[in-house]
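Understanding the architecture of this molecule
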Amino acid sequence: MTMIEALRDAMDVALERDPSVVVFGEDVGYFGGVFRCTAGLQEKYGEERVFDTPISESAIVGAAIGMAAHGMRPCVEVQFADYMYPAYDQITQEAARLRHRSNGQFTCPLVIRMPTGGGIYGGQTHSQSPEALFTHVAGLKTVVPSNPQDAKGLLIAAIEDPDPVIFLEPKRLYNGPFHGDHTGKSVSWASDARGDVREGYYKTPLGKARVTREGAAVTVLAYGTMVYVAEAAVQNSGIDAEVIDLRTLLPLDLETIVTSVEKTGRCVIVHEATKTSGFGAELIAEVQEACFYHLEAPIERVCGWDAPYPHAQEWDYFPGPDRIERALRKVLEV
Amino acid sequence: MTDRKVKLTYPHPPARPGEDPDFSGITIPEAGLLDVPPLDLDARGSRPYANGLIRVLDDDGNAVGPWAEYLGEDTETLMRRGLRDMLRMRAIDRRMMTAQRQGKTSFYMQCTGEEAVGCAFQRQMEPGDMNFPTYRQQTLLVAADYPLEMMFGQFYSNDLDPLNGRQLPVLHSARDFGFFTISGNLGTQYVQAVGWAMANALSGDRKIATAWIGDGATASNDFHGALLMASVYQPPVILNVVNNQWAISTYTGVATGKARTYAARMRGYGIPSLRVDGNDFLAVAAVARWARRRMREGFGPVGVEWFTYRVAAHSSSDDPSAYRPKDDGAAWPLGDPIERLKTHMIAKGLWSEERHAQAQAQILDEVTQVQKRVEAHGTLVNPPPTNPADIFKDVYAEMPDHLRRQRQEMGY
């Protein structure tokens, strides 16, 4: 199953199980979404459950907040994470705070799905990774799945969660794992064990990271597309690294991270988003606070450069396996 | 070709401080002129209502025309209750402004001159309907018989505050009284009301949502998104614009531009819209009743512009003498809502000046008594013991580890 099919399956399961679940966004109804994540759902559940909206992200999210406060469970799509900015006010000052400011009178069980990240020649308005803009906001949860199995289980968990969840879908992984070599043959999820998705209902708990490769020399923290790029870098280097897929950025599974770094004593953090004030900075702070006396070397970050995401120079911008490998070697030199 | 220079326009109010109030630019049609339209009124048919002004009480205090008849013969209870609600609201405002000046609370907002809008409107709603108010609709709470202890508790952030001191004074939340949690950000809740109304329709609960916004905030993108969403999906939502002529110091013309009325602007979205004298208690009640009936019949959203005047300052932090004539409010051609209803009730033989003075004193006394009881629980002058660890509650349904650690760091 591709990640697109897994996400569709998750929404299918949720729509089937709970009549209060509704799915809407730009092009998601009749057509089934520009990435096809909701294809067939309107036909199956009808227009009252799955429908098209005007091109107004703030109106999509604003209406969804009203519905969620009433007691429904909207799962809305923002067509690209790059388009979420008009809705940022609704997300950060409304959805995130309803429960707190009303002392629990009103809550906001809402999921906002958005394709994130680069690697598809999308230029600066179809490639951004704005996760840190969400993790910085009290009241939101932020999830970034890296494979079809997790995508389905995490999305079902997000829809059932009592609080607003930002669900960032790495679009480069929609159709297959990506190891960072854009010149290589594209791989399909059919050939990857993590594309083997269970049928029916299951949840992958929010706030639990996963060790995707065990190792003793260095801990690599990654999420989304960078999990595979990091795995490729580890394989190319022959270094015995432990790779952790964070899966949920907030709440963060600090325990899994700390256990690993205490074991390896070294840490490399990888993300596509720009470096300065990126989520990697938060990870470094947490790791040094919890593991300072176990660290053998300064923590390294491999991130997108602090420049707008380019079009023609995409592969100079994207933090590929070579840069990660250099960082791995650097932390091992000390 | 002419030599005329291309120039921008910058709308100005007709009068500034030091000048006489001037409302000569406002056209006020006679009371009783407009019919009551059918409940399935469409946007096209609403043109005369969007550009006109629905009025019931004429300048002499008589209730006239089809909208007066729409309220039926027996309006006595409605009016008695309405007058009491409005007097209570004005007493609360008076007491709280004084309390704010005494430093007992950080902030307060009055709704002087706008009492009829919320008081008359709320009594036409049904249990389970949800208002999405702005900060100037405390009237909706008063007319929903919200306990004054809770209201004052919120003003003072003490242990009677249902919101545990988390919100700025006047930003109430009262789900059981049909009052959605006020954000304080302008406009954002207009579109949330539309979403709530969509959920009303989808769940088939027969309830409705009402959206509230001021004339200034109609400039926000959420106003336009809300109107479009309401126009597209046709949920049961009453879209209210309270046009009180001022956005803090900014004249309403800066939000209207060259449009005729806010009702006309809403009508442009394909939503039937009406413009109503907001200082006319009976006109507000009649139109609110009509709008609620329309919702019940499933004829889709309706826009209402309540034409009124913000007599008081924007907030306790504002001084209107810096930007408008001193007696602007007193000169408002549509008068004062309490005075107008009183005059009408006296003319009908239901009321007298003596009883009014008596009621006013009695209500002020009742409000003062409640206020004193609540103040015994603490104010900013006499701060109540707070529970700092409460900050971490309700950020999420279940407290995540990082918040637990921060709470411990705080010492709890």
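Worth saying up front: this structure is predicted, and the values here are computed from it rather than measured. (Residues numbered from 1 in each chain as written. Chains lettered and ligands numbered in written order. Predicted model: local features only at pLDDT ≥ 70, side-chain atom pairs only at ≥ 80, totals over all residues. Heavy atoms only, no water.)

Within chain B one finds 15 helices and 7 strands. Against the globule reference of 22 Å for 412 residues, chain B gives a C-alpha radius of gyration of 22 Å, in line with a compact fold. Expressed along its principal axes, the backbone C-alpha trace of chain B runs to roughly 70 × 55 × 55 Å. Buried positions account for 58% of the 412 residues belonging to chain B. Across chain B, contacts joining residues at least 24 apart in sequence account for 74% of those joining residues at least 6 apart. Accessible surface, chain B: about 17400 Å² in total, of which carbon and sulfur atoms supply 49%. Placing the 45 positive and 49 negative side-chain charges of chain B at their respective mean positions leaves the two points 3 Å apart. (Helix = DSSP H or I, 4+ residues; strand = E, 2+ residues; numbered from the N terminus. Rg over C-alpha atoms; globule rule 2.2 N^0.38 Å. Buried < 20%, exposed > 50% of the residue type's maximum accessible area, 1.4 Å probe, protein only. Contact = heavy atoms within 4.5 Å. Areas by Shrake-Rupley, 256 points an atom, 1.4 Å probe, with all protein chains shown as cover. Lys, Arg positive; Asp, Glu negative; His and termini not counted. Charge placed at Lys NZ, Arg CZ, Asp CG, Glu CD.)

For the structure shown, the criterion picks out 38 salt bridges over all chains. The closest approach of N and O atoms between A:Asp161 and A:Lys141, which form a salt bridge, is 2.9 Å. Here A:Asp161 is found in the loop between helix H7 (148–160) and strand S6 (165–170), whereas its partner A:Lys141 is found in strand S5 (residues 141–143), with 20 residues between them in sequence. Judged by relative accessible area, A:Asp161 falls into the buried class, the value being 9%. For A:Lys141, a relative accessible area of 11% puts it in the buried group. Connected through shared salt-bridge partners, B:Arg55, B:Asp59, B:Asp277, B:Asp280 and B:Arg340 make up one network. (Salt bridge = Lys/Arg side-chain N within 4 Å of Asp/Glu carboxyl O.)

With that out of the way, let us pick up the domain arrangement of chain B. As assigned here, chain B comprises domain 1 (44–381) and domain 2 (388–412). Inter-centroid distance (C-alpha atoms) of domain 1 of chain B to domain 2 of chain B is 37 Å. (Domains from an automatic or database assignment.)

Now for the interface of chain A and chain B. Across the contact, 42 residues belong to chain A and 44 residues belong to chain B. Of the roughly 3400 Å² buried where chain A meets chain B, counting both sides, 59% is carbon and sulfur surface. Summed over the three residues of chain A that lose the most area to chain B, namely A:His70, A:His100 and A:Arg101, the buried surface amounts to 21% of that side. Inspection of the region where chain A meets chain B yields 0 salt bridges. Linking chain A to chain B there are 27 residue pairs in polar contact (both at pLDDT 80 or more). Where the side of chain A that touches chain B is concerned, the elements lending two or more residues are strand S2 (50–52), helix H3 (57–70), helix H4 (88–95) and helix H5 (98–101) of chain A. Of the residues forming the side of chain A that touches chain B, the biggest block, 10 residues, is contributed by H3(A). (Buried area = accessible area lost by both parts, 1.4 Å probe. Polar contact = N/O pair within 3.5 Å; in protein donor to acceptor, adjacent residues only side chain to side chain.)

For the rest of this paragraph, the subject is the packing of helix H4 (residues 115–122) of chain B against helix H11 (residues 281–296) of chain B. Residue and element names in this part refer to chain B. For the pair H4 and H11, interaxial distance at closest approach is 8 Å and the crossing angle is 40 degrees. With respect to their mutual orientation, H4 and H11 come out oblique. Seen along the crossing, H4 lies across H11 with a hand that is right-handed. Contact residues: Ala-116, Val-117, Cys-119, Ala-120 and Phe-121 in H4; Phe-281, Val-284, Ala-285 and Ala-288 in H11. Partitioning the contact of H4 with H11 into residue classes produces 9 nonpolar, no polar and no charged. (Axes fitted to C-alpha atoms, helices over the stretch in contact; angles between N-to-C directions. Parallel < 35°, antiparallel > 145°, perpendicular 65-115°, else oblique. Left-handed = near helix turned anticlockwise from the far one by under 90°. Nonpolar A, V, L, I, M, F, W, Y, C, P; charged D, E, K, R; others polar.)

Here we come to the pairing of strand S1 (residues 21–25) of chain A. Residue and element names in this part refer to chain A. Most of S1 is tucked away, with 5 of its 5 residues classed as buried. What you see with S1 is no split at all: Val-21, Val-23 and Gly-25 on one side and Val-22 and Phe-24 on the other are buried throughout. Relative to strand S3 (residues 73–77), S1 is paired through 5 bridges, and the arrangement is parallel. Considered in S3, the bridge of Phe-24 is made with Val-76. (Pairing = 2+ DSSP bridges.)

Let us look at the packing of aromatic side chains. With the rule as written, the count across this model stands at 33 aromatic pairs over all chains. Ring centres of B:Phe307 and B:Trp332 lie 5.4 Å apart, and the angle between their planes is 50 degrees; on these two criteria the pair is classed as tilted. Of the two residues, B:Phe307 sits in strand S7 (residues 302–307) while B:Trp332 sits in the loop between helix H12 (328–331) and helix H13 (337–347), which places them 25 residues apart along the sequence. We classify B:Phe307 as buried; its relative accessible area is 5%. Among the aromatic residues, those joined into a cluster by ring pairs are A:Phe35, A:Phe80, A:Tyr83 and A:Tyr174. The cationic tip of A:Arg36 hangs over the ring face of A:Phe31; the distance from NZ or CZ to the ring centre is 4.4 Å. One residue, A:Arg323, lies across the ring of A:Trp305, its end atom 3.7 Å from the ring centre. (Phe/Tyr/Trp six-rings, centres within 6.5 Å; stacked < 30°, edge-to-face > 60°. Lys NZ or Arg CZ within 6 Å of the ring centre and 35° of its normal.)

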